[in-house]
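Chain and residue survey
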There are 2 protein chains.
Amino acid sequence: MSTYSPRLTRLIDGLRRLPGVGPKSAQRMAFHLLDRDREGAAFLGKTLGEALEGIGRCKTCRMFCEDDACRFCTPARVSAGSICVVEGPADLMAIEASTAYRGRYFVLMGRLSPLDGIGPQELGLDLLSQQLASGEITELIIATNPTVEGEATAYYLAEMARGENVKVTRIAHGVPMGGELEYVDGGTLSHALSGRQPL
Amino acid sequence: MSTYSPRLTRLIDGLRRLPGVGPKSAQRMAFHLLDRDREGAAFLGKTLGEALEGIGRCKTCRMFCEDDACRFCTPARVSAGSICVVEGPADLMAIEASTAYRGRYFVLMGRLSPLDGIGPQELGLDLLSQQLASGEITELIIATNPTVEGEATAYYLAEMARGENVKVTRIAHGVPMGGELEYVDGGTLSHALSGRQPL
Ligand SMILES: [Zn+2]
Ligand SMILES: [Zn+2]
């Protein structure tokens, strides 16, 4: 069968390393970059190099970090005594944007998923366990997603915290503020009902 | 609002230069590369650099080309006297894979689309016009896609060729070989009927 020239073939292979990009999309991306956005291709190449060289992970909270001092593990946040566990960096950012929390985080970079080979070790739970055992943590706030795997992860984390006598809470799930009941899905509504609070 | 660290923000911007990649996908790609496939990120960066440095366009057929001699414009192909016009590199490859054609190509890298600012000049039709006027071309085979824009482009190309007294043909559209009538869409069926041939 006929194939593209070597460098073009390699570029398509390179683009296929991106999650969610299949052979057809990778071709389309390669043609677009080469034909219409060589500047964009050069920019992407540069940002990849800079990111690989400069972005690591915080040794305390596991968030992506490019400075010696993690900006989510400042002394003020550490002294708050709480850890909020999230599945990924975007979840951390969403909570930061709400400005409702000013303690530390712990970023799992995933959720428990035995079928995909993601267990406690892959999520760095040994590190979290040490932090819970340090005696400096008064509350573990679990903010994993309300999915089957997120709930299973929450359950596992709660057991860990109880083993260290640390108070555990889970962020509330229910009808979004401003949301209309008739447009809210059944699962969310049943969560909202079972989590009802006295007025 | 809280934002990602500078290099991570730039990497997400870089990934957004890829066609079809929005802010959420770009984030997901960046996290995946940084957390699980740094080797893939390095490979992609390398292939981008190599491609930008080494891949150009053939001055005759406009196909992507990384050598001095375009492998689709060999003397043997040129002497065949025909040009097959396709919209993009993937179309050229599909025809090559069929092994049914051994003449030259002309790759438009697009189709006429006035609303998107894509006119004859963007598709290199001045170059094709020169080739048709050279007296060496006996047939222009139009293999643009059977879409509204592809058909409009075919019509425009046919007029150009007639102006130079070059024979024009259009590849046949109809029921795919092995396709079952009941699963073929109405547009294709009506094409197949109007293009019927005596047996
Ligand atoms: Zn940190
Ligand atoms: Zn060529």
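Residues numbered from 1 in each chain as written. Chains lettered and ligands numbered in written order. Predicted model: local features only at pLDDT ≥ 70, side-chain atom pairs only at ≥ 80, totals over all residues. Heavy atoms only, no water.

For chain A, the count of helices and strands is eight helices and six strands. Along chain A, helices and strands appear, N-terminal first, in the series α-α-α-β-β-α-β-α-β-α-β-α-β-α. Against the compact-globule benchmark of 16 Å for 199 residues, chain A has a radius of gyration of 22 Å, which places it well outside the compact range. With the principal axes as the frame, chain A shows a C-alpha extent of 70 × 50 × 35 Å. Here chain A, with 199 residues, has 44% of them falling under the buried criterion. Contacts in chain A between residues at least 24 apart in sequence constitute 48% of all its contacts with a sequence separation of at least 6. Surface accessibility of chain A: about 10,800 Å² in total, with carbon and sulfur atoms responsible for 55%. (Helix = DSSP H or I, 4+ residues; strand = E, 2+ residues; numbered from the N terminus. Rg over C-alpha atoms; globule rule 2.2 N^0.38 Å. Buried < 20%, exposed > 50% of the residue type's maximum accessible area, 1.4 Å probe, protein only. Contact = heavy atoms within 4.5 Å. Areas by Shrake-Rupley, 256 points an atom, 1.4 Å probe, with all protein chains shown as cover.)

Right, let's get into the sheet that holds strand E6 (residues 167-170) of chain A. Residues and elements named next belong to chain A. Spatially, the four strands line up as an open sheet ordered E4-E3-E5-E6, and their pairing is parallel. In the strand order of this sheet, the two ends are held by strand E4 (104-107) and E6, each with one partner. Within this sheet the neighbouring strands show an average axis-to-axis angle of 25°, counted without direction. The pairing of strand E3 (residues 82-86) with strand E5 (residues 139-142) spans four bridges and is parallel. Along E5, the bridge assignment pairs Ile83 with Leu140. Sheet strands in contact with helix H5 (residues 89-98) are E3 and E4, and its direction is about 155° off that of E4. Each of E3, E5 and E6 touches helix H7 (residues 148-163); the most contacted strand, E6, lies at about 165° to it. (Pairing = 2+ DSSP bridges. Axes fitted to C-alpha atoms, helices over the stretch in contact; angles between N-to-C directions.)

All names here are of chain A. With phi around 60°, Met109 is a residue other than glycine that occupies positive phi space. Tracing the chain through its elements places Met109 in the loop between E4 and helix H6 (125-133). Look at Met109 and you get buried, because its relative accessible area is 8%.

All right, on to the coordination of the zinc ion (ligand 1) then. All names here are of chain A. At this site the zinc ion (ligand 1) is bound by Cys58 (SG), Cys61 (SG), Cys70 (SG) and Cys73 (SG), with donor distances of 2.3 Å. Coordination at the zinc ion (ligand 1) is tetrahedral, judged from the four donor atoms that bind it and the angles of 106 to 114° they form at the metal. Spacing between the donor residues of the zinc ion (ligand 1) along the chain follows C-x2-C-x8-C-x2-C. Each member of the pair Cys70 and Cys73 is classed as buried. (Donors = N, O, S within 2.8 Å, 3.2 Å for Na, K, Ca; no water. Tetrahedral: all angles 85-135°; square planar, octahedral: opposite > 155°, others 65-115°.)

On to the relation of the copies chain B and chain A, then. For the pair chain B and chain A, the relating rotation is 180°, the translation along its axis is 0.0 Å, and the fit reaches an RMSD of 0.1 Å. On the angle and the small slide along the axis, the relation comes out as a two-fold axis. Closest to the rotation axis within chain B is the C-alpha of B:Gly45, separated from it by 2.3 Å. Most of the interface of chain B is mirrored in chain A, where 100% of its interface residues again form contacts. (Least-squares fit on C-alpha atoms with pLDDT ≥ 70 in both.)

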